[in-house]
Structures are given as structure tokens and as C-alpha cells.
Amino acid sequence: MTESPSSEPEPPSPKPRAAAAGNGMRLVVPLQGVVQGRGGLILGSLIPCALFYFFQLYLKRHRSPKRPPASSSNPPSPSASSPNLGDLARTSSRSNLLGRGSIGPVRLSSRGMAIAKPNDSPYYVGLEKVAGDPFHRVDNPDGIIQLGLSENTLCFDLIERWMKENLMDSLMGGDGAELSINGMATYQPFDGLMELKVAMADFMSRVMGKGVSFDPSQMVLMAGATPAIEILTFCMADHGNAFLIPTPYYPGFDRDIKFRTGVELIPVHCRSADNFMLTVTALDQAYNQARKRGLKVRGILISNPSNPVGNILSRETLNELLDFAQEKNIHIISDEIFAGSLYGTTEEFVSMAEIIEAEEFDKGRVHIIYGLSKDLSLPGFRVGVVYSYNENILAAAKRLARFSSISAPTQRLLISMLSDTKFIEEYIETNRRRIRRMYELFVGGLDQLGIQCAKSSGGLYCWANMSVLIALYSEKGELELWDKLLNVGKVNVTPGSACHCIEPGWFRCCFTALAEEDVPLVMERIGKVAEMCKSGQ
Amino acid sequence: MVFKLNNQLLSRMAIGDGHGENSSYFDGWKAYDSDPYHHQNNPDGVIQMGLAENQLCFDKVEEWLKKNPAASICTPEGVAGFKDVAIFQDYHGLPQFRNAVAKFMGKVRGDRVSFDPDRIVMAGGATGAHETVAFCLADPGEALLVPTPYYPGFDRDLRWRTGVQLVPIECDSANNFKLRMEDLEAAYEMAKLNNIRVKGLLLTNPSNPLGTILDGDTLRNIAAFTNENNIHLICDEIYSATVFGKPDYVSIAEIVDEDRKSGRNGLNLDLIHIVYSLSKDMGFPGLRVGIVYSYNDVVMNCARKMSSFGLVSAQTQHMIGSMLSDQEFVEEFLGANRARLAERHGAFTGGLGRVGIRCLRSSNAGLFVWMDLRRLLKEQSVEAETALWRVIINEVKLNVSPGSSFHCSEPGWFRVCFANMDDETMEVALGRIRAFVAKHKEAMKPARKLCAQSSLKLSFSGRIYDEFIMSPRSPIPQSPLVRART
């Protein structure tokens, strides 16, 4: 607060301009005069009053009034894969009738308003478009092929066969008391049944390589990795704090982490020169910049295998990360949801759990996120895991799990399935094999079109460099290409800008929801667009 | 091995006690968990009467599930549909699920009103639904008015992560705890005077813990009030299918419908929201089916996006979708539900009445009674109520919920749940109450001494404590135990 009349005051007008400073001065000085009992009473009171009045008028005019509900059709969520999702467009909602007695616009929360705004990220827009015109080999051969959703449908036959062979007694269980409705429908522990935790711990160690074991008592189960990451965020960061996150990253994090917690994501840019691998230098830089901005960094969020690139972090990198976290006294959250979806043969996946088992390390700052949506292809069942070495975080997460518990019958089913270790081993191995096959076909196909992909070893997608096809080497150019691919080529891919990639021209293409015979068609369509771009259209 | 680390690494939320589990009222739960009643194995154990679960119609559900194995998808019969369900994570929800739930909600209201399936938004149980609505309607520091006595879980569900405040409107027994317009208006004005920004009013109708319903006129007046003051009206109708006697239930949906059909259009529908769940009406808390039904499109969109944090498992959606589409089953279920609740309620209140214990007379819904034990209190104070409660847990061996945990302004009332047990257990419970009342009549002083002496430090291993903290039965927030679930 400036005291002396000679200093520059802050102009009260909403649009500070250079001239306003002068006006402000003229305003404040008379006010000072009034306050100090000197002359300028009229000016001192009239001018502020007048300005105040005009200020209010300005605000009133510019405050957006509550408009009648705008959207006539609601965009579907990021995974519109069900054929039933035909008609989501609905008729325009009933007009906003302000009955007699209603005062002014209806007030919602500010965060509610922010969240309700339609999402214009190409990630969501693309998913919406596919929902409106989904490709189907027989029913809709000209529809849009979905390559923007990391789903895996390659091994459903295995699960279906398992169910036919094992679930003879149906959900109720012939004489299995556990499967009785009483055991299923009543309240269960909010953080998941212990049997499921045991089964998940076993599954995770099989998936992540036998070098690591997981302790069920360090686990909190919840309805998907989406609530898992949000809950972990609530436990370790306050509103206004921040996480460092290497780019490019999964677009969903912008929602999962920021929506309700108020925590910010600070990008740590990775470059193609490093094959988009995270470097401590970049991490350090980002950390310092955040500090300068006055942001308190509470943790680093990495995904390993990474999404959207598909990198596996090396032991060295993981160790460096741990050292960095230790030095700055922050958390590390390792999202290892794709750990079982590996196709690389040269590198081995190493879980954060394995690294810290080996070292004498301050484990309380390490947390792992997992789930069954990718490795077991069950996104609809909503199964996520928070695995932590910090008992305080675990305790807090357990309590928060009540808002996102896994449905009891689903837990029961999974206990059965995951306990069949022979089946699980077969599944994991077959899954990897089939993903590898699709990867080779897909990346090979792209290669023939002159499109190179980043070196990757895991995930359900590849990270393709289509910068040769874009006219303008910029985000705009990239989005134009994305648009062509979507609307002309009828192929939905995720542009790097949606993933906050700092280099334009990269696209994530998911290939595990395709059948082998669809790949040539995909390549044909992409090829067509490539031709268009090359010929300058 | 699990490490403790410096508190610097924890958020305020993690350190704080917004979860409410540090309350001393845990004792009731501890008592039950360490000594649960069982017919054969532990006939002297504590009977759980603090859990509002509806187990009266499980046989109907079991029967249906046996007859329709394809519904649960994960059966040899249902496996054909497995793939589509397993992959389905669209936050709009399976259309069949939404249609079935909308129809069910209409049926519960006697088909007097219909619900739009497109407005059905999922949430992680009613717990998640309430939190979502609070997130959508109010910013940290803003408030919701809630008539007392109310479900203790609200203190956690509506406030913890949202930062929203709750302002109680005290109702008292003089008029059967019914919400009076003057009290509502006074509370609203008082909040304004204290610079508390009230964004809405939360009604639970049928009420927990009272088991009463609001009549149409009162509901209309309340809606007119919130409408006039431009604040939201959130109606938690989670017990709507547990209305087992007269008068007939009136849902806010009917008030809305009436307003529209009459052409008056006096109500701004953007202010009206319903929270629902299958946990009470159908007895399915484990399925985690919470529903937000808002007449406000922006709230609906926002809630739908937030539903990503608490989607109902597609397997469950499919099962419920099939089950509730079976109109015949639904009608039979609802009929049996009402009949059995009426019977159980009658038997229980009758049994209580015979030993001179009164319950709130106007109660015709819910899975519990609001028992009046004021006459048994040494003095009309919360301490006396707590003392009596400890006696009931330790001597009578019944886990009931004291009124103070529901923020009841009058000491001496207790919520006692009766729908989570079989007839035999209920008889045992009544027997114990009879014995207690008889004893209490002769010995008032000793009862007091007992209270003072009784140490509530029951021995239990740390593991049980953990188990119990994790169990859904864990008491709620600041309020005493009471069913964490309503």
C-alpha cells in the first residue's frame, strides 16, 4: 500500500492504461486531501463516487448473465466405444424460466461453472466425433476409425473363455456363501476387500516382473485410476500447489488432477532429441521456474510406461528422480497403469517399487498408481489402486476412498479371476504377444508411408512424427493436419498439442482396439491424407 | 514396510480431521466390532442397530438373479455381452441403465411423475452424489442450510473436500421435528447477518433419522422460499421407496411437475436437484450406485464430468439395468419392501410401546425409528444422553445412535435401525430393551454410577481398529458414530 502522495497509485479503473495512472493520481491526491482535512472535499468525494458508480456499471454490463443452458447436445466422455451411444444429441433444454420472485441469475460454484464449459481440446473433440460416426467393418465402413482411445480389445476371447469355464454357478455362486447377495450387496470396506487387495498385489507383481512384491496392506482400492490420482493429489497437495509433469502427457490428467483439487500441473518439457525421455536438468529448470512464480511444488507425476510416447524409464532415470525428490523434499507419483502392456524386447520394465526395494531410501515419498483398465482391458469395471509407502497418505487415502469405492460384485468377480494364476500368466503373456504383433503391423505400415515413430516399448499406442506432412511447423499446422485426418481421412488420432508436447507434428495413435485386417485400411486412409498434404492441399 | 514421514509432505486435508473419524462416538462401533451378536456363536454380543441397511428383501433379489443369470454379464449365459460392457467407461452411463433407473424412480413415486433418463448422472454412491452436488453449487466457504436432526455423514460428504459449510436449522419435538417456515426463514436471515453466503437448502425427504415425510404444502412452501431467494433446493430422496404407510409420499419431482403442468411456471427449475441411490430403497449399498438428478443443465453437465471419479461399474450398470427393466419384478419388489417394512416397524414400535417407550409417531418411512428416551435421562443434557447411550451399548448391548450425533437440539432421542436384521434378532433386541427398562425403573441412581464407572476403553488390537476405521460402519465425522451411511 503506497502511502506518500508522490508515489504512483494504482488506478481503480478495471482497464488500467497509461493514462489512467495520471487520472488515478488526480483521484488519489484529492482523496488524500480529504483524509488529511485539506481542501478538495468536493473532488475528493465526487470523483471517487462517480468512478465507483461507473465501475459498477461496467461490471454489471460485462458480467456474463446466466444464459439458458447452452448446449443442445452433450459431448460424450472420452471413451465412447459402446455401440449403444447412438443418439446423444438431445433437444434443446427447456428455456430458462425465471419465475416471479426469482432474483437474478442462478449462481453455481465458480469451479462448477469452469468444469461445465464444453471442452475444446482436440482430445475430447475427436472422441465426440467418433461417437457420432463410429467405424464398423460391416455396419458403417465409412465411419471414423478410433485411434484416439487407449483401449485394448485384443484378448477378450481369453476372458470370455475363462468366464464360460469358471463361472458355472453364476454370480450367486451355487453354494458359495461369499457370492450370496448378502455378501455382495451390503456395505463393504470402502477401500476394497482384503481378498481383492491380495489378488491385486499378486497380479501387480506378475505384471511388473517378479523382482518386486507388493504388500496388500499398503494398498487402497478405488473406482479407477481416475479417482486414484485425484485422491492422491488431495492427500499430498493443497489448493494452489503444483506437480511437475513431464510432457507430453495424458490429456486426462488436466481433468483428474486440476478439476476439484485446485492443484496446478507444471510441464517439464521433453524433446525428441532425447526420445522424449525425462532429464533431471529439465526437471530442475521447471522446479526453479515454479519457485520463482511462487508456486509450491509438492511432487512429480511420471507415467511409466509413458503415455503418450510409450517410453520405459531406465533404472538410472528412476534413481535420479528419487534423488531429486529427496533433495527437494517432494513426492513421486509413478503411474504404472501400462506396466503389463509391453511389446518391446530390448528394454525391461522396472517399477518404482523395485528401485526403492533395492535402495536405502526414504520411501515415504513414493506412490504408485495402477489399475485394470489397460493391462486387463476392463476399463468399464472401474478398478484402480493407490499403492503407497507412506502410512499417513495411506490412512488419508483410505478415508477418501469412500467417495469412489469399487462395486462389490465386481470385486468378487475379480477376486475369482485374479486368483486363477495360471490363467493370469497365460493372459499376460498372450496379451504382450498380441500387442507386439499389432505394434509391428501398425508402425511398419506408418513407416511405409514415410512416418517415423518414436522409439517405444510399452503402452497401447505409438508416438508418430507426422511433421513432414504439416505445412506450417506450429501448433496451428499440427491441428490442421489433425483436422484433415479426422474429417477427410476419417481417422481419429490425438495431436501432440493436446498432450502439451512442445514440438509440433507428433500424434498418438492407439492400435490395440483394431483387428489385424483393419490396419491396411487405416494406412490407406492416412496415406490418402499424406498425399493431400504433400501435394499441398 | 511403511514409513512415517515429516508432515511437510502431507496436505492440510490429509492432516486435518475433516473425515470426522476421531470422534469419541467411535466407542459404539468398537463395541459392536469387538463383540458382534450372532444367533449361535455369540448370543450375548452387541446387536447392530446403528446401521441403516435394508436387508428385508434380499430373497426377492436373489431369486431374480438366479432366474436371470445373463444380467450379471459375468456368467456363462451373460458372457456374450461381456466385451461391450467391460470396455464401456462412458460417463453418460449405459442407456439401459439410465432408462431402468429413471423408470424405477418413477415407479417408486407411483408413476405420478416420470424422470428423464438423460438427466440421470452417476456418482460413487450417495456419498459421492452429495459431494458432487456440493462441488457444483458452492465454493469453499459458502454454505448450505440443513434442518436438524440430520445424517451425520453430511458433515463429511458435503464439507470435507469441498470446503462448503453447513448451517443447521433447528427443529424440535414440539412439532414433531417438522421444518417450520419461520425457522427456515430465521436461519437464512441469521446466516446472512453473519456474512455467511448461503447457496442452498438440503432436505432429506423421507427424513433420516426421523423417518417422516414432508407433506405437499410444506414442500411447496419450501420450494417457493428457495425460489424467491434464488438459492438451490437439494432433495435427498434416498429413502423414497421405504415409505410404508400413510400419508402418501410427495417427491419434489411432483411439485416440479405440478408447477409445469399448471402453466404457472413459478419455479426456476435450475435451482432444483435430487440426490438418489439404490443403497436404501433396494438394499444395495455395496453396489455403489449413486445418482444426481438435476433440473439444471449446467449442473448436470458438471456433475456428469465429475462422475468420472465415481462411475458405477459397467457390470453393475448392466445388472441393475436388466433388473430394473423387469417391471414385474420391480412392482413385486416395491410392494414386498413396503409391506415388510410396515410389518417390521409395527412389530418393533409395538414391542417398544409395551414397555412404555415411545417413538416419533408421525414416522412412516425409513429403516429406523426415532426413539424417545427423554424420560430416562437424569437431566436434559447432552452429557446425560451420552451417559445413557454408553449404558445402552455396554449393558443392553445394542448399538444405537444418539441424537446428538445427528445434531439434534434436544437430548434424549435415539435412532434405532430395524431393517438390517431378521425377526429373531429383533425379538432378542426387544427382549433386552424390556429388561433394561424394567431394571431402569427401579434403579435410577445405580444407573448413573454405572455410567460414571463404565470405562469405554475396550481392549482391541490395533488391527481391529484399522479394520474398523476402514469399515463402512465407521461412525461419522464430528458426530458420534451412527451409521456412516445414513
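Parameters and conventions
Each chain carries its own residue numbering, running from 1 in the written order of its sequence. All chains are assigned letters beginning with A, and all ligands numbers beginning with 1, in the order in which they are written. The predicted origin of the model limits local features to residues at a pLDDT of at least 70 and limits the giving and counting of side-chain atom pairs to 80 or more, whereas totals for whole chains, interfaces and linings rest on all residues. Only hydrogens and water are set aside when side-chain values are computed; all heavy atoms of the structure are taken into account. Where helices and strands are cited, they refer to DSSP runs of H or I of at least four residues and of E of at least two residues respectively, numbered from the N terminus. A 1.4 Å probe rolled over the protein chains alone gives each residue an accessible area, and that area as a share of the maximum for its type sets the label: buried under 20%, exposed over 50%, partly exposed in between. Contacts were defined at the residue level, with two residues in contact if any of their heavy atoms lie within 4.5 Å. Areas reported here follow the Shrake-Rupley algorithm with a probe of radius 1.4 Å; residue values treat only the protein chains shown as occluding. By nonpolar core is meant a set of buried Ala, Val, Leu, Ile, Met, Phe, Trp, Tyr and Cys residues that side-chain atoms within 4.5 Å join together. Pairing of aromatic rings covers Phe, Tyr and the six-membered ring of Trp, with a centre-to-centre limit of 6.5 Å; geometry is then stacked below 30 degrees between planes, edge-to-face above 60, and tilted otherwise. We count a charge as sitting over a ring when the NZ of a lysine or the CZ of an arginine lies within 6 Å of the ring centre and within 35 degrees of the ring normal. Strands pair, by our definition, only if DSSP identifies at least two bridges between them. The axes used here are C-alpha line fits, helices contributing only the stretch in contact, and every angle between their N-to-C directions lies in the interval 0 to 180 degrees. Here the word oblique covers every angle except those under 35 degrees (roughly parallel), over 145 (roughly antiparallel) and from 65 to 115 (roughly perpendicular). Helix crossings fall into two classes, left-handed where the near helix is turned counterclockwise from the far one by less than a right angle and right-handed where it is turned clockwise. Grid points spaced at 1 Å over the protein atoms alone were grouped into cavities, where a 1.4 Å probe fits but cannot get out, and pockets, open sets with protein on both sides within 12 Å along at least five of seven lines, with lining residues defined by an atom within 4 Å of a point. Grid points are joined across faces, edges and corners, and a volume is the space filled by probe spheres set on the points. Residue polarity follows a fixed list, in which Ala, Val, Leu, Ile, Met, Phe, Trp, Tyr, Cys and Pro are nonpolar, Asp, Glu, Lys and Arg are charged, and the others, Gly among them, are polar. Cysteine sulfur atoms are paired as a disulfide whenever they fall within 2.5 Å. In the analysis that follows, any N or O atom pair within 3.5 Å is treated as a polar contact, provided that within protein one partner can donate a hydrogen and the other can accept it, and provided that, for residues neighboring in sequence, both atoms belong to side chains. UniProt positions are given in the numbering used here, feature names are shortened, and annotations may be inferred rather than shown by experiment. Picture the helix axis, draw a direction to every C-beta atom, and the arc is the one those directions span.

Let's talk about the overall build of chain B
Here is step 1: Of regular secondary structure, chain B possesses 17 helices and 13 strands.
Here is step 2: The burial tally for chain B puts 67% of its 486 residues in the buried class.
Here is step 3: Taking all contacts inside chain B whose residues are at least 6 apart in sequence as the whole, residues at least 24 apart take part in 75%.
Here is step 4: Counting every atom, chain B has about 16200 Å² of accessible surface; 49% of that belongs to carbon and sulfur.

A short note on the nonpolar core
Here is step 1: With 274 residues, the main nonpolar core has Met200, Leu244, Tyr370 and Phe442 of chain A together with Phe82 of chain B as its most contacted residues.
Here is step 2: With 10 residues, helix 15 (residues 421-448) of chain A is the largest single contributor of residues to this core.
Here is step 3: When near neighbours in sequence (up to four residues on either side) are disregarded, Leu244 of chain A contacts Ile266, Val268, Leu283, Ala286, Tyr287, Val297, Gly299, Ile300, Leu301 and Phe324 of chain A.
Here is step 4: Residues Met371, Val396, Met426 and Ile433 of chain B belong to the second largest nonpolar core, which totals 46 residues.

Thoughts on the packing of aromatic side chains
Here is step 1: All chains considered together, the criterion is met by 34 aromatic pairs over all chains.
Here is step 2: Judged by centre distance (6.0 Å) and plane angle (10 degrees), the rings of Trp370 of chain B and Trp413 of chain B are stacked. Residue Trp370 of chain B is located in strand 10 (residues 368-372), and its partner Trp413 of chain B is located in strand 13 (residues 413-417); the two are separated by 43 residues in the primary sequence.
Here is step 3: Assessed through its relative accessible area of 3%, Trp413 of chain B is described here as buried.
Here is step 4: Members of the aromatic cluster, joined through ring pairs, are Tyr123, Tyr124, Tyr249, Tyr250 and Phe253 of chain A.
Here is step 5: Over the ring of Tyr276 of chain B we find Arg109 of chain B; its NZ or CZ atom is 6.0 Å from the centre of that ring.

Considering the environment of Ala134 of chain B
All names here are of chain B.
Here is step 1: Tracing the chain through its elements places Ala134 in helix 6 (residues 125-137).
Here is step 2: Note on Ala134: relative accessible area 2%, which makes it buried.
Here is step 3: Remark: the alpha-carbon pair of Ala134 and Gln165, spanning 31 residues in sequence, is separated by 9.8 Å.
Here is step 4: Setting aside residues up to four positions removed in sequence, Ala134 forms contacts with Leu158, Thr162 and Val164.

Focus: the pairing of strand 10 of chain B
Residue and element names in this part refer to chain B.
Here is step 1: Along strand 10, 5 of the 5 residues are buried, which leaves the element largely enclosed by surrounding structure.
Here is step 2: Covered by surrounding structure in strand 10 are Phe368, Trp370 and Asp372 together with Val369 and Met371, the residues of both alternating faces.
Here is step 3: In this sheet, strand 10 lies alongside strand 9 (residues 358-359) in antiparallel orientation, the contact comprising 2 bridges. Bridged to Arg358 within strand 10 is Asp372.
Here is step 4: The sheet contact formed by strand 10 and strand 13 spans 5 bridges and is antiparallel. What sits directly across from Val369, in strand 13, is Val416.

A few points about the packing of helix 15 of chain A against helix 17 (residues 519-534) of chain A
Residue and element names in this part refer to chain A.
Here is step 1: Running from N to C, helix 15 and helix 17 point in directions that differ by 25 degrees, and their axes come no closer than 10 Å. Between helix 15 and helix 17, the angle is such that the two are roughly parallel. You can see that helix 15 and helix 17 cross each other, and the crossing is right-handed. Residue-level contacts link Met438, Leu441, Phe442, Gly445 and Leu446 of helix 15 to Val519, Val522, Met523 and Ile526 of helix 17.

Quick look at unusual backbone geometry
Here is step 1: The step from Asn205 of chain B to Pro206 of chain B runs through a cis peptide bond, and the omega angle for that step is 5 degrees.
Here is step 2: With respect to the helices, strands and loops of the structure, Pro206 of chain B is situated in the loop between strand 5 (198-204) and helix 9 (216-228).
Here is step 3: Omega for the peptide link from Lys246 of chain B to Pro247 of chain B comes to 0 degrees, which places this bond in the cis form.
Here is step 4: Within the element layout of this structure, Pro247 of chain B appears in the loop between strand 6 (232-236) and helix 10 (252-261).
Here is step 5: Its identity as a non-glycine residue notwithstanding, Ser377 of chain A has a phi of 55 degrees, on the positive side.
Here is step 6: Note on placement: Ser377 of chain A falls in the loop between strand 7 (366-371) and strand 8 (384-388).
Here is step 7: Note on Ser377 of chain A: relative accessible area 1%, which makes it buried.
Here is step 8: Although it is not a glycine, Asn195 of chain B sits at a positive phi angle of roughly 60 degrees.
Here is step 9: Residue position: Asn195 of chain B is located in the loop between helix 8 (181-193) and strand 5.
Here is step 10: Asn195 of chain B sits in the exposed class, given a relative accessible area of 73%.

Looking at empty space enclosed by the protein
Residue and element names in this part refer to chain A.
Here is step 1: The full count for this structure, using the stated rule, is 10 cavities of 30 Å³ or more.
Here is step 2: Of the volumes computed, that of the second largest cavity is approximately 160 Å³.
Here is step 3: Pro246, Pro248, Phe276, Ser303 and Ser306 are the residues nearest the centre of the second largest cavity, which is lined by 18 residues in total.
Here is step 4: Contributing elements (two or more residues each) for the lining of the second largest cavity: strand 3 (242-247) and strand 5 (297-303).
Here is step 5: Of the residues that constitute the lining of the second largest cavity, the class distribution is 13 nonpolar, 5 polar and no charged.

Observations regarding the state of the cysteines
All names here are of chain A.
Here is step 1: For the coordinates displayed, the defined rule picks out 0 disulfides over all chains.
Here is step 2: The structure places no disulfide on Cys155, whose sulfur is separated from the nearest cysteine sulfur, that of Cys510, by 16 Å.
Here is step 3: Look at Cys155 and you get buried, because its relative accessible area is 0%.

Things to note about helix 10 of chain B
Residue and element names in this part refer to chain B.
Here is step 1: The complete set of buried residues in helix 10 reads Ile252, Ala253, Glu254, Ile255, Val256 and Asp259.
Here is step 2: On its buried face, helix 10 sits against helix 9, strand 6 and strand 7 (272-277).
Here is step 3: A distance of 2.9 Å separates the backbone nitrogen of Ala253 from a side-chain oxygen at the start of helix 10, and that oxygen is part of Ser251.
Here is step 4: Two residues or fewer past helix 10, Gly263 is found with a positive phi of approximately 85 degrees.

A closer look at the UniProt feature "domain: Aminotransferase class I/classII large" (unreviewed entry) in chain B
Here is step 1: In the numbering used here, UniProt assigns the "domain: Aminotransferase class I/classII large" (unreviewed entry) feature to residues 47-433 of chain B.
Here is step 2: The distance separating the terminal C-alpha atoms of residues 47-433 of chain B is 12 Å; by composition the span is 41% helix and 15% strand.

A closer look at helix 3 (residues 58-67) of chain B
All names here are of chain B.
Here is step 1: Within helix 3 the residues assigned to the buried category are Phe58, Lys60, Val61, Trp64 and Leu65. For helix 3, the angular spread of the buried residues around the axis is 160 degrees, confining them to a single face. Turned more than 90 degrees away from the buried face of helix 3, the exposed residues are Lys66 and Lys67.

A look at the sheet that holds strand 9 (residues 452-453) of chain A
All names here are of chain A.
Here is step 1: Read from one edge to the other, the open sheet built from 4 strands follows the order 9-10-13-12, with strand pairing classed as antiparallel. Two strands close off the open sheet at either side, each with one partner strand: strand 9 and strand 12 (494-495).
Here is step 2: With 2 bridges joining them, strand 12 and strand 13 (residues 506-510) adopt antiparallel strand pairing. Paired with Thr494 across the strands is Arg508, a residue of strand 13.

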